[in-house]
Amino acid sequence: MNIERSDRLKKLTPYLFVEIDRAKKKARSQGRDIIDLGVGDPDIPTPKFIIDELHKASLDESTHRYALDAGLLELRKAIAEWYKTRFNVTLDPETEILPLIGSKEGIAHIPLAFVNPGDRVLIPDPCYPPYRSGTIFAGGEPIYMPLLEDNAFLPDLKKIKPDAAKRAKIIFANYPNNPTGAIASKEFFKDLIAFAKKFNIIVCHDAAYSEINFDGYKAPSFLEIEGSKEIGVEFHSFSKTYNMTGWRIGFVCGNKDVISGLAQVKSNIDSGVFTAIQIAGIAALKSGIKNAIQFGSMYQERRDTVINGLARLGWKIQKPKATFYVWAHTLKGYDSTSLAKHILEKADVVITPGVGFGTYGEGYIRIALTVGKDRLAEAIERIKKVI
Ligand SMILES: *Cc1c(COP(=O)(O)O)cnc(C)c1O
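All values reported here derive from a predicted model rather than from experimental measurement.

1. Points about empty space enclosed by the protein
Think of a ball as big as a water molecule: rolled over the atoms, this probe shows where empty space is left.
At step 1: Summed over the entire model, instances satisfying the criterion amount to four cavities of 30 Å³ or more.
At step 2: A volume near 40 Å³ is recorded for the largest cavity.
At step 3: Considering the residues around the largest cavity, the lining is formed by W82, E211, H236, S237, F238, T241, Y242, F251 and L285.

2. Observations regarding helix 5 (residues 103-114)
At step 1: The terminal C-alpha atoms of helix 5, which comprises twelve residues, lie 18 Å apart, in line with the 16 Å expected from a rise of 1.5 Å per residue.
At step 2: Taken residue by residue, helix 5 has S103, E105, G106, I107, H109, I110 and P111 as its buried positions.

3. Brief notes about the sheet that holds strand 12 (residues 364-368)
At step 1: Across the sheet, which stays open at both edges, the three strands sit in the order 9-12-11 with antiparallel pairing between neighbours. Two strands in the sheet have a free side with no partner beyond their single neighbour: strand 9 (325-329) and strand 11 (352-353).
At step 2: Direction of pairing for strand 9 relative to strand 12: antiparallel, over a ladder of five bridges. When the bridges of strand 12 are listed, W327 appears paired with R366.

4. A few points about the environment of A70
At step 1: Within the secondary structure, A70 sits in the loop between helix 3 (48-59) and helix 4 (73-87).
At step 2: For the pair A70 and I101, spaced 31 residues apart in sequence, the C-alpha separation works out to 11 Å.
At step 3: With near-sequence residues (within four places) excluded, A70 lies in contact with R76, L98 and P99.

5. Digging into the nonpolar core
Looking at soluble globular proteins, one finds that nonpolar side chains tend to be buried together.
At step 1: The biggest cluster of nonpolar side chains holds 54 residues, and the ones touching the most others in it are Y83, I171, L192, F195 and F238.
At step 2: Among the elements of the structure, helix 4, strand 5 (168-174), helix 8 (186-199), strand 8 (250-254) and helix 11 (275-286) are those that each provide at least two residues to this core.
At step 3: Both domains that meet at this core, namely domain 1 (7-45 + 290-384) and domain 2 (48-286), each give it at least three residues.
At step 4: Ignoring sequence-local partners within four residues, the contact set of Y83 consists of N88, V89, L91, S221, L223, E234, H236, F251 and C253.
At step 5: Judged by nonpolar contacts, the second largest core, of 34 residues, contains A208, Y325, L339 and I383.

6. Considering the site of the ligand
At step 1: Neighbouring the ligand are 14 residues, the closest being D206, Y209, S239, K240 and R248.
At step 2: Measuring from an oxygen atom of the ligand, one finds a side-chain N or O atom of N178 at 2.8 Å.
At step 3: Taken together, the residues of the shell around the ligand break down into four nonpolar, six polar and four charged.

7. Comments concerning the domain arrangement of the chain
At step 1: Here the chain is described as being made up of domain 1 (7-45 + 290-384) and domain 2 (48-286).
At step 2: The interface of domain 1 with domain 2 comprises 33 residues on the first partner and 35 residues on the second.
At step 3: Taken as a group, K321, T323 and Y360 account for 21% of the area that domain 1 buries against domain 2, more than any other trio of residues on that side.
At step 4: One can count two salt bridges joining domain 1 with domain 2.
At step 5: Between K321 and D215 there is a salt bridge; the shortest N-O distance is 3.5 Å.
At step 6: Connecting domain 1 to domain 2 are 13 residue pairs in polar contact (both at pLDDT 80 or more).
At step 7: Residue assignment for the side of domain 1 that touches domain 2 shows that the elements contributing at least two residues are helix 1 (7-10), helix 12 (290-312), strand 9 and strand 12.
At step 8: Ranked by residues supplied to the side of domain 1 that touches domain 2, first place goes to helix 12 with seven residues.

Parameters at a glance
Positions within a chain are numbered from 1, following the residues in the order the chain's sequence is written. Totals for whole chains, interfaces and linings use all residues, but because this is a predicted model, local features are given only for residues with pLDDT of at least 70 and pairs of side-chain atoms are given and counted only at 80 or more. Side-chain numbers here rest on the full set of heavy atoms in the structure, without hydrogens or water. A pocket, in this scheme, is an open set of points on a 1 Å grid over the protein atoms alone with protein on both sides within 12 Å along at least 5 of 7 lines, while a cavity is a set where a 1.4 Å probe fits but cannot get out; residues line either one if an atom lies within 4 Å of a point. Grid points are joined across faces, edges and corners, and a volume is the space filled by probe spheres set on the points. Each helix is a run of H or I in the DSSP string that is no shorter than four residues. Each strand is a run of E no shorter than two, and both are numbered from the N terminus. In this scheme, a helix's expected span is set at 1.5 Å multiplied by one less than its residue total. A simple rule labels every residue: compare its accessible area, found with a 1.4 Å probe on the protein chains alone, to the largest value its type can have, and call it buried under 20%, exposed over 50%, or partly exposed in between. Here, any two strands with at least 2 DSSP bridges between them count as paired. By the convention used here, residues are in contact when the closest approach between their heavy atoms is within 4.5 Å. Take the buried residues of types Ala, Val, Leu, Ile, Met, Phe, Trp, Tyr and Cys, join any two whose side-chain atoms come within 4.5 Å, and each joined set is a nonpolar core. For every domain, the bounds stem from an assignment made automatically or drawn from a database. Here a residue counts as near a molecule or strand whenever at least one of its heavy atoms sits within 4 Å of it. What qualifies as a polar contact is a pair of N or O atoms within 3.5 Å, subject to a donor-acceptor requirement within protein and to the restriction that residues adjacent in sequence count only when both atoms come from side chains. Gly counts as polar in this scheme, as do all residues outside two lists: the nonpolar Ala, Val, Leu, Ile, Met, Phe, Trp, Tyr, Cys and Pro, and the charged Asp, Glu, Lys and Arg. Computed with a 1.4 Å rolling probe, the buried area is the accessible surface lost when two parts are put together, summed over both parts. Salt-bridge detection follows one rule: a side-chain nitrogen of Lys or Arg within 4 Å of a carboxyl oxygen of Asp or Glu.

Here it is as C-alpha cells:
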C-alpha cells in the first residue's frame, strides 16, 4: 500500500528540534560529551512540593477518572487568584479561564475554532513553530510579520497590508519572546489592541516566559491593557515557570467567546488534564512567586556567564531582560545553519540556528540557558577554540 501523507502535513517544514535532536543523538551515540543549549527545556527538576502534591492526589481514586473538560473549578479559581496578585487582572473562573494540556496544545488548536480555509493568520517571524503549524492545520494562510532588530523585535503593525489585515482572523504575539528574548511595553500592547479592533482580529498572546525576568524587570500581561479582553486571550504555561515541561499543563484566559470556541474544539479532541496534575498545579500557583525569583536569578547568572564569555571572544550580544534565551548574530562567513553545524561538529555544543524559527531568524543563533553555569562556561571555552 502506498501511504501518503495529507497535504497539510506536506506543507510543514520538518520540526526544527526533531532534526537537531537527530544530529545530537548521533553525536551522543558516538560517545561524544554533548553540551545541549538547543531545546528550551529547564534542567532543574520540578520543585518537590509540587511532586508531593501529585503523589498525594494520585492516591485519591477519584482522580483516576476522566477529568472535566473545563478543568477543576478549584484550578480555575487558583489561576484567577494568581492573575489578580501578579497582574491585578480580574478573570471569571467560570468563563474566562480554560486549562490546557500544555499551552502548546491550546496554541496549536485555537485556529481550528476560528480560521476557515483561506483565512489569514498573522504570525511573527521568527517564532515558536506551533503558531504556524496550527494555522496550516486549520487551512489558514500564514502572513508573516518580520521581527527586526531595528524595531526591537516587535512586529511593525503599520507595515501589515490592509488587504491581509482584513482577511486575518488571528494575530499571534509572544512577549517575552522566544526565540529573540525581546520584551514588549504596554504601549506596544495598546497598539496591538487598536490594530486588532480596527480589523476585527483575535489577539492570541503567548506569555509562557512572563515569570523569567532579569535586572528587576517584570513582564506585563497583555490582559492588563484596557480593551484587551474584548478582542483577545493570553496563553500561559506551568512549564517554564515551575519546570514542569513534561507534565503537560497550561492555560488560556481572556475573552469568553474565544475561550468557549477553543473549548468546543478541545471537547472533540481531548478529555482534559489528568486531575492529579491539576491539583499539583493548584499547589504550584499558590506557592507565590518565590520560585520565579529563585529561577530568575539563576538564569540571570547563566545569561551573564554566556554574554560576558562570548564578549571576551569579540562576540557582541545584547543582554535579554527576560526568557532563558540568548539571541546572537551569526559570525562572519557563516549562516545560522552552518554555524550551528560547525559548533556541534567541532565543539560538541548544540545551539539552534535562527532560520529554524523563520526566514527572518537567519543571521542569528539561539542559545538556551538550560544547563548549569559551569557547563555554560565550558561550552564557551569549547566554542572559543573553534571560531
Ligand atoms: C515553551 C513554550 C511554550 C509552552 O509550552 P507548554 O509546555 O506546551 O506549556 C509556549 N510558548 C512558547 C513561546 C514556548 O517557548
